[in-house]
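# Secondary and tertiary structure notes
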Amino acid sequence: MYRYDEFDERLVAERVEQFRRQVGRRLRGELSEDQFKPLRLMNGLYMQLHAYMLRVNVPYGTLSSRQMRAFAQIARKYDRGFGHFTTRQNIQYNWIKLEETPDILAALAEVEVTAIQSSGNCVRNITADQYAGRAKDELADPRVYCELLRQYSFLHPEFSYLPRKFKIAVTGSPHDRAAVALHDIGLRMHLNAAGQPGFEVLVGGGQGRTPFIAHTIRDWLEPADLLSYVEAILRIYNLHGRRDNIHKARIKIIVNQMGIDRYRELVDAEWERIRDSRLKVPQAEIDRIDAYFAPPDYESLPDASVELDALQTNNPQFARWYASNVIEHKVPGYSIVNLSLKPPGRPPGDLDADRMEAVADLADRYSFGEIRVTHRQNLVLTDVRQSDLFEVWEALVRLDLATPNIGKLTDIICCPGLDYCSLANARSIPVAEDLSRHFLDVDKLAVVGDLTLNISGCMNACGHHHVGNIGILGVDKRGQEYFQLTLGGSSDESASLGDRLGRALPQADVPAAIDAIVETYLAVREDGERFLDTYRRVGIDPFKQAVYGHAAVRAVA
Amino acid sequence: MSSQMIVASRLTDGRVVFMTDGLGWSESIDDGLIVEVADRGAELLEDATRSVDECFVVEPYLIDVAIDQGQRRPVQLREAIRAFGPSIATDRAVEES
């Protein structure tokens, strides 16, 4: 894993002390709230409905067990004993006190974690495939380039006051688990004829009230040119992005207004000017960072599939979990294990301090001390020996982290919604909890198969409803909460925005509507089709009829 | 017009507080001062800005409150959630293994 160098260490320590002084000045009245707000936001501190909320970066979703234990201690000492993992692979604490925040930041700095740039109009936490460095389909580890970009964009003076926030994601696999097409910049790795990695660069994607799928601005970019090209994109955005209207300030608006061809021309002109400057990344620097992400000391293990087959035959619950939550590893004898933070009836992505420590212990014992946070708000143990899978499963069952629903209907992405968030119009967590209780039957989940369901409590779309196969958006209608459904969204390599199904529904009607959608899918799907495939083939009408038409599903089929 | 109260966030910890008689602040909605007259709300809000200047609270504003059988409840859901806390359970113990 990446370790801070002396510069990172000093810079972060100085920033913590700077923020301590700023908090002191605010508490003494030397700074007004208007003056203080941008300073606290630069340190990840929001004011929400009940308290301050602190958002802490988990760069590219990679955590050590030591860092997870620090998260647990902070949850216990400074919060109400839990934290919430987010779609930017970060953790948020919901019950923070302003006066204690500098101490929290100092505690985080001790384990090489910061909240700097987790908010504000700057380059936010750079996200990556949660299976980076481990996935069997991966071309190269994207975290090397995430780290390069993190160092480059960290407190970058030119890009600390952009028109609006800026999000970058990188995938090193053809199967996109990092939603790169929904980012301000998305980097999709390819190999050239010589087998060397490079990037397809996407720009102008995003969700919120004006969602767009990103355009490809460049088919191939050499890694050595990564910083100069990203700088050219950022500079053109900084110059042309709107600062007069917060709703039109993201790069997606400019790219789509001027058109990708014009934006490309501007970027290319700027890039020509700077590409052979000091921004050229030496291979030695890429190699230096790459060394931090060197694989752990894997043992040479035999394939344990025969033993695993026997265990599955004898234990259907283990079999269900294995089929759903365990992913093939690139190294023989090892597996990637997903920990579901979506048990029935619980807020998606929440984890209490005791479980954080238990996960850290499991990581130390079974997975070289490494943990990942996924953009779908789950956790991952990256390197579990196949021969340990049964034991790990038993431990996860005891912790209620083994719900076999990864990628399934109840693996719900959900924003904090009106229970916590000052921007929300409607509650989202109770809808998620209702649905996870409604779809308790794990055999049925397996039959339904891969299906993403995402819930946002307002049009800012933090719950990624636009790109859920089923999306749910909470709206306020004359003081009442209603929920607007969309179908057909996707955030993978075939990214698409969902289509609005029809009029918004009261919360009580949402589970029955999802039932009707699922039953329609099961009735009309063809062999091997996922929900999204079926939807793309048959269109929205059968689903509309099932939900609003009072027609029996059988009649649709 | 409905009854109104002034709500704000306490500067030190962001907790929701209600303005009480005599320009104090309480975490309990039951302690908050209720006004029934339209202009009195604006007047109270002006008073509340003094607590902003004194760095005690942030962003005070008026909310509508319904009183039913002596129980106070903010009319808007958002304000009810602020007054009474999240509508979801936030505790989750690890079972003994």
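Residues numbered from 1 in each chain as written. Chains lettered and ligands numbered in written order. Predicted model: local features only at pLDDT ≥ 70, side-chain atom pairs only at ≥ 80, totals over all residues.

## So, the overall build of chain B
Each helix and strand in chain B was counted, giving two helices and five strands. The N-to-C order of helical and strand elements in chain B reads β-β-β-α-β-β-α. Burial analysis of chain B (97 residues in total) assigns 29% to the buried set. Expressed as a percentage of contacts within chain B between residues at least 6 apart in sequence, the contacts between residues at least 24 apart total 51%. (Helix = DSSP H or I, 4+ residues; strand = E, 2+ residues; numbered from the N terminus. Buried ≥ 20, exposed ≤ 12 C-beta atoms within 10 Å, placed from the backbone. Contact = placed C-beta atoms within 7 Å.)

## Digging into the overall build of chain A
Scanning chain A from terminus to terminus reveals 19 helices and 21 strands. Computed over C-alpha atoms, the radius of gyration of chain A comes to 23 Å, within 12% of the 24 Å expected from 2.2 N^0.38 for 557 residues, which places it in the range of a compact globule. With the C-alpha coordinates of chain A rotated into their principal frame, the extents come out at 65 × 60 × 55 Å. With 557 residues in all, chain A has 54% of them scored as buried. Intrachain contacts of chain A at a sequence separation of at least 6 include 67% that bridge at least 24 residues. (Rg over C-alpha atoms; globule rule 2.2 N^0.38 Å.)

## Section: the interface of chain B and chain A
With 23 residues of chain B at the contact, the number on the chain A side is 30 residues. Split into classes, the residues belonging to the side of chain B that touches chain A amount to nine nonpolar, eight polar and six charged. (Nonpolar A, V, L, I, M, F, W, Y, C, P; charged D, E, K, R; others polar.)

## Some details on helix H12 (residues 353-366) of chain A
All names here are of chain A. Taking 1.5 Å per residue as the helical rise, H12 with its 14 residues ought to reach 20 Å, and the 20 Å between its terminal C-alpha atoms agrees with that figure. If you check which residues of H12 are buried, you get Ala353, Arg355, Met356, Ala358, Val359, Ala360, Leu362 and Ala363. Of the residues trailing H12, phenylalanine 368 is marked for its positive phi of about 55°. (Expected span 1.5 Å × (residues − 1).)

## Some points on the sheet that holds strand S13 (residues 350-352) of chain A
Residues and elements named next belong to chain A. Pairing within the open sheet is antiparallel, and its five strands lie in the order S1-S2-S5-S4-S13. Of all the strands in the sheet, the pair left with one neighbour each is strand S1 (45-47) and S13. Each strand axis lies, on average, 30° off the axis of its neighbour in the sheet, ignoring direction. With respect to the sheet, H12 is in contact with strand S4 (82-85) and S13, its orientation differing from that of S13 by roughly 85°. (Pairing = 2+ DSSP bridges. Axes fitted to C-alpha atoms, helices over the stretch in contact; angles between N-to-C directions.)

## Looking at the domain arrangement of chain A
Under the domain assignment, chain A is made up of domain 1 (6-60 + 79-110), domain 2 (135-292), domain 3 (305-398) and domain 4 (413-556). Taking the mean C-alpha position of each, domain 1 of chain A and domain 2 of chain A sit 27 Å from one another. (Domains from an automatic or database assignment.)

## Here we look at helix H2 (residues 77-84) of chain B
Residues and elements named next belong to chain B. Where H2 is concerned, the buried positions are Glu79, Ile81, Arg82 and Ala83. Residues of H2 that are buried sit in contact with strand S1 (3-10), strand S2 (16-19), strand S4 (57-68) and strand S5 (71-74). Of the residues flanking the end of H2, it is glycine 85, one or two places downstream, whose phi is positive at about 95°.

## A closer look at the environment of tyrosine 145 of chain A
Residues and elements named next belong to chain A. With respect to the helices and strands, the residue tyrosine 145 is situated in helix H5 (residues 143-153). In this structure the C-alpha to C-alpha distance between tyrosine 145 and isoleucine 286, which are 141 residues apart in sequence, comes to 7.9 Å. Tyrosine 145 has contacts with Val170, Leu187, Pro223 and Leu226, leaving out every residue within four places of it along the chain.

## Here we look at the nonpolar core
In terms of nonpolar packing, the biggest core is built from 133 residues, with Leu54, Val203, Ile233, Leu339, Met356 and Val359 of chain A touching the most fellow members. For methionine 356 of chain A, the contacting residues outside a window of four places in its chain are Met68, Phe71, Ala72, Ala75 and Leu351 of chain A. (Core = buried A, V, L, I, M, F, W, Y, C linked by C-beta atoms within 7 Å.)

## Focus: the packing of helix H3 (residues 65-78) of chain A against helix H4 (residues 101-110) of chain A
For any two helices packed against each other, the geometry is given by the interaxial angle and the distance between the axes. Residue and element names in this part refer to chain A. Across the interface, H3 lies against H4 with an axial gap of 10 Å and an inter-helix angle of 165°. Classified by the angle their axes make, H3 and H4 are roughly antiparallel. Considering only the axes of H3 and H4, their crossing is right-handed. Touching Ala70, Ile74 and Tyr78 of H3 are Ile104, Ala107 and Leu108, all from H4. (Parallel < 35°, antiparallel > 145°, perpendicular 65-115°, else oblique. Left-handed = near helix turned anticlockwise from the far one by under 90°.)

## Things to note about the pairing of S1 of chain B
Consecutive side chains along a regular strand alternate between the two faces of the sheet. All names here are of chain B. Where burial is concerned, most of S1 is hidden: six out of the eight residues are buried. Two strands pair when backbone bridges link them, and S1 and S4 are joined in this way by seven bridges, in the antiparallel orientation. Residue serine 9 lies in a different strand from S4, and its bridge partner there is valine 58. As paired elements, S1 and S2 share three bridges and run antiparallel to each other. Bridge pairing in S2 links valine 7 to phenylalanine 18. Turn length for the S1-S2 hairpin, with the two strands adjacent in sequence and antiparallel, is five residues, and the turn residue glycine 14 shows positive phi of about 75°.

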